[in-house]
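Okay, here's what each chain looks like letter by letter:
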Amino acid sequence: MDLNQKPRKVSITDTTLRDAHQSLLATRMRTDHMLPIAEKMDAVGFHSLEVWGGATYDSAMRFLNEDPWERLRRIRKAFKKTKLQMLLRGQNLVGYKHYADDVVELFCNKAIENGIDIMRIFDALNDVRNMEKAIAVSKKAGAHIQATVCYTISPIHNVEHFVKVAKDLQQLGADSICLKDMAGILVPKDAYLITKRLKDEIGLPIQLHCHYTSGMAAMCYLEGIQAGADIIDCAISTMSMATSQPADESMIAALKDTPFDTGLDLDLLVEIAEYWKEHRGDYADFDLTEATPDTTVLRYQIPGGMISNFISQLEQQNQLHRLKEVLEEVPRVKADLGHPPLVTPSSQIVGTQAVFNVLLGRYKMVTNEVKAYLRGYYGRPPGSVNEEVRRAVIGDEKPIEDRPADHIPPGLPEAREAVAPYYKREEDVLLHALFPPVALKFLQERTARETGVDQAMLDDAKKDHPAGYYPV
């Protein structure tokens, strides 16, 4: 480390309340476990806390019977000093497909209104057209826009590619740039080279987001900081490493008494680490993380969550012995689809097709998502797709070339009608707009708890008695 550099404080975003538990505990952390430690986490002096977005929105309803919007409001009330940020999948918001512009607009406004200060916005294909609407709406609403460049390794992904994406995002109004290494495959040399070019040519604050999957994330952070990175993503030690981020405490200690000293208090973090050590045990059923680095990710570029999904899918088919074949098929499918970075939803698109290819024969059965991808409805692939595969899947159909969301009709009217019997606030409309079946079940159960009337049963009764007599 060059100790002669001009002093420049490096800041830390803590991911414990979002990405850390999404990566380690299958996104099962309950809000009631977050709030008792909030005051101490708020006192640390983090640049920000990542607390919302990603898979937490879906999982809160689906698995925890929690309202994700109520979670955000409770967290905002608990954290009085520290900025809160979320991860937004561009036009996908927090879902797995593109949503209409009216849904994107309402969602971004409500996220900021309910407490989000920093919107980290990305697109799985690095197609900036899929980020335009979310950036414009969030900027107008007063949020800090952290536009994101997804990192991957392929013949067409090089320093020039990542810098070009970042420059395009700067033109859209980005306030800072995040380099997102979701698979943990960034190497220190590239962390330095990319960060240096971003700082030299763009000049915006640069934040590094690396997963520890391969064991290189902390080294990448140190090299990135040398090159000018301003902020790094970390998690409390007892919720760090493996498929999570490097530990807060380790990076603070590594930077202490250097030109990049964070100035953060390790003593307070010890108390926070003990709290999370105790409560991580409450999620033991979902804590399947290996303590050692998973270096297979360097060969297959597969995020840890994908491998666990493969295991689950293959076990259901009594085909677990074919896991290695699936892992080897993933890079081939990725290349066929034009080398998309493996992050939601492209990771699910590539991964599921790889399983089908191994079990049923290459492209003998094709998912609807792959068909939509090859038709252009997820955006512009980073590289050229395999035309032989495209013709086999969609024939002579010509893919769309404009912004995918331009082909999606407004989504709010239908959602408003569906939630009318359960409506309390506009956020309820968004629950249904993004995850209709899950949201409807959640809202029905909420109504039953609050009123003592099972609305789902009442609706069924109405169907059975069209004359207008509805027994309750």
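Structure shown above.
In this text, all values refer to a predicted model and were calculated from it rather than measured experimentally. (Residues numbered from 1 in each chain as written. Predicted model: local features only at pLDDT ≥ 70, side-chain atom pairs only at ≥ 80, totals over all residues. Heavy atoms only, no water.)

The next subject is the overall build of the protein. Helix and strand counts for the protein come out as 22 helices and eight strands. With the C-alpha coordinates aligned to their principal axes, the bounding extent of the protein is approximately 85 × 55 × 45 Å. Relative to its full complement of 472 residues, the protein shows a buried share of 57%. Within the protein, residue pairs in contact and separated by at least 24 positions form 76% of the contacts whose partners lie at least 6 positions apart. Averaged over its 56 positive side-chain charges, the protein has a centre that lies 2 Å from the centre of its 67 negative ones. (Helix = DSSP H or I, 4+ residues; strand = E, 2+ residues; numbered from the N terminus. Buried < 20%, exposed > 50% of the residue type's maximum accessible area, 1.4 Å probe, protein only. Contact = heavy atoms within 4.5 Å. Lys, Arg positive; Asp, Glu negative; His and termini not counted. Charge placed at Lys NZ, Arg CZ, Asp CG, Glu CD.)

What follows covers the environment of E223. Note that E223 resides in helix α10 (residues 217-227). A C-alpha to C-alpha distance of 28 Å links E223 and P331, two positions 108 residues apart in sequence. Those residues within four positions of E223 in sequence are excluded, and the remaining contacts are P188 and Y192.

Strand order in the closed barrel made by the eight strands is β1-β2-β3-β4-β5-β6-β7-β8, with parallel pairing throughout. Pairwise comparison of adjacent strand axes, ignoring direction, gives a mean angle of 30° for this sheet. Both strand β5 (residues 144-150) and strand β6 (residues 176-181) contribute to a ladder of five bridges, which runs parallel. Note on β6: the bridge partner recorded for T148 is C178. On the sheet, helix α6 (residues 101-113) packs against β2 (48-53), β3 (83-88) and β4 (118-121) and is oriented at approximately 160° with respect to β3. (Pairing = 2+ DSSP bridges. Axes fitted to C-alpha atoms, helices over the stretch in contact; angles between N-to-C directions.)

Here we take up the packing of α6 against helix α7 (residues 132-140). For the pair α6 and α7, the least separation of the axes is 9 Å and the interaxial angle reads 40°. As judged from the angle between their axes, α6 and α7 are oblique. Like other packed secondary-structure pairs, α6 and α7 cross with a definite hand, here right-handed. Of the residues in α7, those in contact with D101, V104, E105, C108, N109 and I112 of α6 are K133, A134, V137 and S138. Class assignment of the residues belonging to the contact of α6 with α7 gives a composition of five nonpolar, two polar and three charged. (Parallel < 35°, antiparallel > 145°, perpendicular 65-115°, else oblique. Left-handed = near helix turned anticlockwise from the far one by under 90°. Nonpolar A, V, L, I, M, F, W, Y, C, P; charged D, E, K, R; others polar.)

Moving on to the pairing of β6. By the criterion of burial, β6 is predominantly enclosed, with six of the six residues buried. Burial of β6 is two-sided: the residues S176, C178 and K180 facing one way and the residues I177, L179 and D181 facing the other way are all buried. Crossover handedness for the path β5 to helix α8 (residues 159-171) to β6: right-handed. Bridge count between β6 and strand β7 (residues 206-210): five bridges; the pairing is parallel. Within the sheet, the bridge partner assigned to D181 lies in β7 and is C210. For the handedness criterion, the β-α-β arrangement of β6, helix α9 (residues 188-201) and β7 is classed as right-handed. (Right-handed = clockwise from strand over helix to strand, strands pointing away.)

Let's shift gears to unusual backbone geometry. In this structure, the amide linkage connecting T344 to the following residue, P345, adopts the cis form with an omega of 5°. Assignment of secondary structure puts P345 in the loop between α15 (323-336) and α16 (346-360). Phi at N318 takes a positive value of approximately 55°, unusual for a residue other than glycine. A positive phi angle, near 60°, is found at H339, a position not held by glycine. Looking at where H339 falls in the secondary structure, it is placed in the loop between α15 and α16.

Let's shift gears to the packing of α9 against α10. Where α9 meets α10, the axes come as close as 8 Å, and the angle between the chain directions of the two elements is 30°. Between α9 and α10, the angle falls in the class roughly parallel. At the point where α9 passes α10, the crossing takes the right-handed sense. For the pair formed by α9 and α10, the contact residues are P188, A191, Y192, T195, K196 and K199 on the first element and M219, C220, E223, G224, Q226 and A227 on the second. Looking at the contact of α9 with α10, its residues break down into six nonpolar, three polar and three charged.

Turning next to helix α18 (residues 387-394). For α18, the full list of buried residues reads V389, R390, V393 and I394. Down the axis of α18, the smallest arc covering the buried residues is 100°, so these residues share one side. Opposite the packed face of α18, turned more than 90 degrees from it, sit the exposed residues E388 and A392. Sitting at the amino-terminal end of α18 is N386, which places a side-chain oxygen 2.9 Å from the backbone nitrogen of E388. At the exit of α18 stands G395, carrying a positive phi of roughly 65°. (Arc of directions from axis to C-beta. Polar contact = N/O pair within 3.5 Å; in protein donor to acceptor, adjacent residues only side chain to side chain.)

Turning our eyes to something else, we now look at the side chain of N130. Locating N130 in the fold gives a position in the loop between β4 and α7. In this structure N130 comes out as buried when scored by relative accessible area, which is 1%. Within the structure, the side chain of N130 is placed 3.1 Å from the side chain of D123, a separation counted as a polar contact. Sequence-distant contacts of N130, defined by excluding residues within four places in its chain, comprise G90, Q91, H98, D123, Y378, G379 and P404.

Moving on, we come to the nonpolar core. In globular proteins that are soluble, nonpolar side chains generally tend to be buried together. Grouped together as the largest cluster of nonpolar side chains are 110 residues, with contacts concentrated most on W52, Y57, F107, I177, W276 and L434. Per-element tally for this core: the top contributor is α6, with seven residues. Among all residues touching F107, those that are not within four sequence positions of it are W52, Y57, W69, M86, L88, L93, V94, L430 and L434. (Core = buried A, V, L, I, M, F, W, Y, C linked by side-chain atoms within 4.5 Å.)

For Q85, the location among the structural elements is in strand β3. Judged by relative accessible area, Q85 falls into the buried class, the value being 0%. Beyond its immediate chain neighbours, meaning those up to four positions away, Q85 contacts T13, S48, L49, E50, V51, W52, I116, I118, R120 and Q146.

Glancing now at the pairing of β2. Residues in a regular strand project their side chains so that they alternate between the two faces of the sheet. A large share of β2 lies buried, amounting to six of its six residues. Examined bridge by bridge, strand β1 (residues 11-14) and β2 share two bridges and lie parallel to one another. Residue pairing for β2: D14 is matched across the bridge by L49. In this sheet, β3 lies alongside β2 in parallel orientation, the contact comprising five bridges. Within the sheet, the bridge partner assigned to L49 lies in β3 and is L84.

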